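Structure at a glance
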Amino acid sequence: MTATTTSSTPCSWWTNGHRLIPAPRSPRRAPCSTRGSDGWQASTLSQLRKAAYIVQDGDQQVEITIIPLSAQAGSLLPNINRWRGQVGLAEVDQQQMESDLEKVTVGDVEGVYVRLQAPAGAEKQQTILGVIAVRGARSWFVKLNGDTLLADRETENFKQFVSSIQFTE
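What counts, and where the lines are drawn
- Residues numbered from 1 in each chain as written.
- Predicted model: local features only at pLDDT ≥ 70, side-chain atom pairs only at ≥ 80, totals over all residues.
- Heavy atoms only, no water.
- Phe/Tyr/Trp six-rings, centres within 6.5 Å; stacked < 30°, edge-to-face > 60°.
- Helix = DSSP H or I, 4+ residues; strand = E, 2+ residues; numbered from the N terminus.
- Buried < 20%, exposed > 50% of the residue type's maximum accessible area, 1.4 Å probe, protein only.
- Salt bridge = Lys/Arg side-chain N within 4 Å of Asp/Glu carboxyl O.
- Core = buried A, V, L, I, M, F, W, Y, C linked by side-chain atoms within 4.5 Å.
- Contact = heavy atoms within 4.5 Å.
- Polar contact = N/O pair within 3.5 Å; in protein donor to acceptor, adjacent residues only side chain to side chain.

Attention shifts here to the packing of aromatic side chains. Here the structure, examined in full by the defined rule, presents five aromatic pairs. Arranged with centres 6.4 Å apart and planes meeting at 85°, the rings of tryptophan 83 and phenylalanine 141 form a pair that is edge-to-face. Here the residue tryptophan 83 occupies a position in helix H1 (residues 76-86), and phenylalanine 141 occupies one in strand E9 (residues 138-147), the gap between them amounting to 58 residues. The residues tryptophan 83 and phenylalanine 141 share a single accessibility class, namely buried. An aromatic cluster is built from Trp40, Tyr53 and Phe161, whose rings are joined through pairwise contacts.

This is the structure we're talking about:
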């Protein structure tokens, strides 16, 4: 399946407890499907993954996941450094991490967004677009992970997807 570059607003998603469900349809909005955006194909869910998508274009692939964990799991520095390690970047301190973060809205809470790319010259050019938002007793991790060229192309779709998430309780 080839991903398209056409950007469209993905379905809104509401969390109902720990389950992600499409937002109710309004007369002005088309029904939701199992896709997050054009070219996003539903992927394997698990006990942790409440939503998962794959985007492929030739030999390039990215995966998008939503995982809720306990609020304590949302500590920024250890999570950001873990993601940095996954793309071959060195750990950073609190000050450097904060300079790399961008604020985003996820439902009715403020979260943080980070873009992490493998260093130049790395054997595999991987990128993580990651969002962490803490709401009540849950930390919500929304992550796009995969080949840099495709991650770059899907950045706006990912940001639209993140902004479409709504919480019901």
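Here the focus is the pattern of salt bridges. A full pass over the atoms with the stated rule returns seven salt bridges. Put simply, arginine 49 and glutamate 63 hold a salt bridge, and the shortest N to O gap is 2.8 Å. Taken together, the residues span a long stretch of sequence, with arginine 49 in the loop between strand E3 (41-42) and strand E4 (51-57) and glutamate 63 in strand E5 (residues 60-70) at a distance of 14 residues.

This brings us to the nonpolar core. Judged by nonpolar contacts, the single largest core of 24 residues is most densely connected at Ile64, Val106, Val131, Val142 and Phe158. The leading source of residues in this core is helix H3 (residues 148-164), at five residues. With sequence-adjacent residues up to four places away left out, valine 131 is seen in contact with Trp83, Val104, Val106, Val112, Tyr113, Trp140, Phe141, Val142, Phe158 and Val162. Listed in part, the twelve residues of the second largest apolar core include Ile80, Val112, Val114 and Phe141.

With respect to the secondary-structure elements, threonine 148 resides in helix H3. Exposure remark for threonine 148: the relative accessible area of 6% places this residue in the buried category. Polar contacts involving the side chain of threonine 148 include one to the main-chain amide nitrogen of glutamine 126, which spans 3.4 Å. The residues touching threonine 148, leaving out its near neighbours within four places in the chain, are Arg115, Gln117, Gln125, Gln126 and Thr127.

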